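# Tertiary structure, described
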Amino acid sequence: MLIQQCLNRMSLGFYIRNHIAVSNVIRLYGSQAQKGVQNKAKNDEKSQRKKFDQFLTDTWPKPYQIVAMTSYLCSAEAKITDAEQFFIKSYGKKKEANNHFESWPLFENWKKEPNENAVLQFLMSFEKFLSDNDKVESKLARSEYICFIWRYLLILEASLDQKLMKDYNIMFQFSKRCTQLHSLPDIEMFLVYSVLRITEMNQISPVIFDSLRQFIQSQSYHPTKYDSDEFPRTLQNANYKYILERLAEHKHVDRTSRLSFLFSLALYHWGACNYSIGLDYLSKSTQLFLEDCNGGIYELDDSAAYKEICDHFCRMWSNFGRYARKEGMEPAMDYIVTQAKHFQAYPHPLGFLPTHVILSNTQKDHKVHTLLQSPVEEDKAFVKALYTYGTHRLTERLPAIYQFIQTQVDNYNERVREAESSNLASESDQKEGNTVETEKPFFYSVDDGMSGIEENDIEIQKELLDIKLIQLVVRKNGTALLNAYFQSIQDGIFPNEETVQAIAEFFMSSEDEDTLEILYRRSPATFIHRNHFYLEASKIRLRTILQKWQSEDEKLQAWQDITKFYNLVLKEQKEDLIDISTADNIVRKCRQICKLFIEDNLLQEKPFLAELRREALNLTLEHRDVYLLLALWEALFFSTKFEHQEKADKLVEELPQLVQFMKIEPVIERAEKYGKEELFRKLIEVNLSHNGTDY
């Protein structure tokens, strides 16, 4: 099964491979270092200094270099002061008496008294440091710049966490000055990135979007994540997924950056073992890529950005294809190949790219090469370069390949016009039984493989398919089961409902939600029995949420998960991604669980009423579904605590329309169980005050 073929988490990169050596060298300059460690670290100091030199090039260090160094130090469990002392000893003068940079005392003053003056003093010192252009020539100054960035971000994150808006505004204005006066947008980019870690940001300039695109693209293939309190969380990829989602959906993002963020999202989910989501993003982003890449992309002023996007695109497909093949993930590989064939059939000059990238990474896979046939094999120079270098240097060939494909398309269109003219001229010959062959389309089209098969033959094949699939279920051969199922739907033959139900229950028994999700997404929308896959996957997710609720520490997360899933089901129903009956079934289960959570939470010592109300209100605003608000009101109304009853009254006062949506019969039945006349009086009062139902 696909879930059993999960990858090990992505490598943390070459920056942290020498963990022990880094720890020894960095800690050499810490106050608690032992003598034996010092001796070993001194022996390795020269080699470690070379490693740090790669981050300290001839300009101020780039954002990706600062992140790389942060990862390097986090892996060594070092502190900023340890790194600072290492920098001074390695790059400073031998007679240097000071063991700290200028940012250290200012940062310490801010820690003791975190106020506006302390922030201003720190930023004034930082700007004075940046104003001295000669400093960039020095490796010591470049390392000092990194320490300034670390401490700047620590102050910024504290201001955001504590909602110190005056401090934040000062830092925001400083970052703007760095962009405008010092031509250094990296500091503003880090500020925006840090804000997006917590919330959305409405105004982002094109320059910063460009910096964000380049920075995130550099992180996409080696994502690192730590949880060190010594370094800024911004540089440890905290909330990385939410940042990408906010950037991809931002209303002012340019199309080039949006594509890049979507590519990075696909890579993130793939690396996090969320295979179905990753494959979904792969398809959507490829679709947008082909729609956005118009015929004149290499003649535009921003052609360099498009070549960069093409490179990102090719590397993404290469990453998916190479890993799926390496790990033997046949269902995923089958999906990737199918998508490549689909995009190759596009009447677009760049539709061939996924096919070429997959072929270049699966040279030894005869099955893949049988399924995928390239329409540009005539360009031998390109094919040779592609097979020799993989995706490396691929984008250098794109303009020539684009021109080659465009020429082929133009020639094909000309031949079609000639064929149409010939058909008109020979119409009389056709009536006598002679036919004029028209040329096949230049672009590859996916054949459904079902032409010439009689209806009786199809029924027989369906029966044989059901027998085969049931046998594989009984044998518990998940991999062969998936292969047989996907091959059958590719050939246009579909199993009956009982067989589909058996397949769904088989993967549900092993809690394999990912595979059920892939089965649903890859089954054609016209195949109504695919809803069994969605339903069983939903049951697994709901069970997981219920288990999470059992833990005292995870109740809030469980509530957020169930409302998020509830919201998702309603959204997919609205977009016709799931049928009404399946959606209604799952919504009913979500409502039952939500009501259980609400009632149980009110019995807790510290209920999170504000979160209950917020999620219920969000659902009402987005989908006009008032069930959760009514369930919350009912729980508060029947609570034995006076403050809860007051909140029930206040909720109805704020949202009087709730009474009109109230199903009064269940409320009356519950009131009867309590046997209190006071409850009936309050119900009458609520309905009379807010125009309730006549009943």
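The text that follows walks through the structure, step by step, so that each part is easy to find. Here the residue index of a chain counts from 1 through its sequence in written order. In keeping with the model being predicted, local features are shown solely for residues with a pLDDT of at least 70 and side-chain atom pairs are shown and tallied solely at 80 or more, while totals for entire chains, interfaces and linings include all residues. Here the side-chain values reflect all heavy atoms present in the structure, with hydrogen atoms and water set aside.

### Notes on helix α24 (residues 513-522)
Every α-helix winds through 3.6 residues per turn, so residues three or four apart in the chain are directed the same way. By the criterion of burial, α24 is predominantly enclosed, with 9 of the 10 residues buried. Residue burial is assigned from relative accessible area. The probe radius is 1.4 Å, only protein chains are included, and a residue is buried under 20% of its type maximum, exposed over 50%, and partly exposed in between. Numbering goes from the N terminus for both helices and strands, where a helix is a DSSP run of H or I of at least four residues and a strand is a run of E of at least two. Within α24, the full set of buried residues consists of Glu513, Asp514, Thr515, Leu516, Glu517, Ile518, Leu519, Tyr520 and Arg522. Only heavy atoms enter the contact rule, under which two residues are in contact if any of them lie within 4.5 Å. Where α24 is buried, its residues touch α13 (275-292), α15 (330-344), α22 (478-490), α23 (497-509) and α25 (531-549).

### Considerations on the pattern of salt bridges
Basic side-chain nitrogens of Lys or Arg form a salt bridge, by our definition, when they fall within 4 Å of a carboxyl oxygen of Asp or Glu. Taken as a whole, this structure holds 21 salt bridges when the rule is applied. One salt bridge in this structure joins Glu517 and Arg521, with 2.8 Å as the shortest N-O distance. Placement of the pair is Glu517 and Arg521 together in helix α24, with a separation of 4 residues, close to one helical turn. Take Glu517: its relative accessible area is 15%, and that puts it in the buried class. For Arg521, a relative accessible area of 33% gives the class partly exposed. With a closest N to O distance of 2.9 Å, Glu572 and Arg521 form a salt bridge. Pair noted here: Glu572 is in helix α26 (residues 555-574) and Arg521 is in helix α24, with a separation of 51 residues, a long-range link. A single network of salt bridges, built from pairs that share partners, joins Lys595, Glu599, Glu634 and Arg670.

### Side note on the environment of Arg591
Topologically, Arg591 is positioned in helix α27 (residues 580-602). For the pair Arg591 and Ile562, spaced 29 residues apart in sequence, the C-alpha separation works out to 9.2 Å. Ignoring any residue separated from it by four or fewer positions in sequence, one finds Arg591 in contact with Tyr566, Asp625 and Tyr627.

### Details of the packing of aromatic side chains
For this analysis, a ring pair means two rings from Phe, Tyr or Trp (six-membered ring only for Trp) whose centres lie within 6.5 Å, classed as stacked if their planes differ by under 30 degrees, edge-to-face if by over 60, and tilted for the remaining angles. Tallying each qualifying case throughout the model produces 32 aromatic pairs. Judged by centre distance (5.7 Å) and plane angle (50 degrees), the rings of Phe263 and Phe313 are tilted. Here Phe313 lies in helix α14 (residues 303-326) and Phe263 lies in helix α12 (residues 255-271), a separation of 50 residues in the sequence. According to the relative accessible area criterion, Phe263 is buried, its value standing at 0%. Taken together, the ring pairs in this structure connect Trp60, Phe122, Phe126, Phe129, Tyr145, Phe148, Tyr152 and Phe174 into an aromatic cluster. For a lysine, the NZ atom is tested; for an arginine, the CZ atom; a charge sits over a ring if that atom is within 6 Å of the ring centre and within 35 degrees of the ring normal. The ring of Phe486 has Arg522 sitting right over it, with the charged end atom 4.0 Å from the ring centre. For the cation-ring pair, Arg530 lies above Tyr520, with the distance from its terminal atom to the ring centre recorded as 4.1 Å.

### Focus: helix α4 (residues 80-91)
Here the expected length of a helix is defined as 1.5 Å per residue gap, with one fewer gap than residues. Taking 1.5 Å per residue as the helical rise, α4 with its 12 residues ought to reach 16 Å, and the 16 Å between its terminal C-alpha atoms agrees with that figure. Most of α4 is tucked away, with 10 of its 12 residues classed as buried. Within α4, the full set of buried residues consists of Ile80, Asp82, Ala83, Glu84, Gln85, Phe86, Phe87, Ile88, Ser90 and Tyr91.

### Some points on unusual backbone geometry
Although it is not a glycine, Glu77 adopts a positive phi angle of roughly 55 degrees. You can see Glu77 is positioned in the loop between α3 (63-75) and α4. Judged by relative accessible area, Glu77 falls into the exposed class, the value being 60%. Phi is positive for Ser183, which is not a glycine, with a value near 50 degrees. Secondary-structure assignment places Ser183 in the loop between α8 (165-181) and α9 (186-196). Accessibility expressed as a relative area gives 61% for Ser183, which makes it exposed.

### Focus on the side chain of Ser103
On the secondary structure map, Ser103 appears in helix α5 (residues 103-112). Overall, Ser103 belongs to the buried group, its relative accessible area being 0%. Apart from residues lying up to four places away in sequence, Ser103 is in contact with Glu84, Phe122, Cys147, Phe148 and Arg151.

### Side note on a negative patch on the surface
Negative charge collects at one region of the surface, where Glu643, Glu646, Asp649, Glu653 and Glu685 lie side by side. With 4 residues, the top contributor of residues to the negative patch is helix α30 (residues 642-654). Here Glu646 shows up in helix α30. According to the relative accessible area criterion, Glu646 is partly exposed, its value standing at 43%. Here, patches come from residues exposed beyond 30% relative accessible area and free of salt bridges, joined within 9 Å for like charges and within 5 Å for nonpolar side chains (Val, Leu, Ile, Met, Phe, Trp, Tyr). Reported accessibility uses the Shrake-Rupley method at a 1.4 Å probe radius. Residues are deemed covered only where the shown protein chains occlude them. For the purpose of counting charges, residues Lys and Arg are taken to be positive, whereas Asp and Glu are taken to be negative. His and the chain ends are not included. To locate a charge, the coordinates of NZ of Lys, CZ of Arg, CG of Asp or CD of Glu are taken.

### So, the nonpolar core
We call a set of buried Ala, Val, Leu, Ile, Met, Phe, Trp, Tyr and Cys residues a nonpolar core when their side-chain atoms join them within 4.5 Å. One finds Phe126 and Trp150 to be the most contacted residues of the largest nonpolar core, which totals 183 residues. Tallying contributions element by element places helix α7 (residues 139-161) first for this core, with 15 residues. Contact partners of Trp150, with chain neighbours within four places excluded, come to Ile66, Met69, Thr70, Leu73, Ile80, Ala83, Phe87, Phe231, Pro232 and Leu235.

Don't take any of this as a statement about function, it's just geometry.
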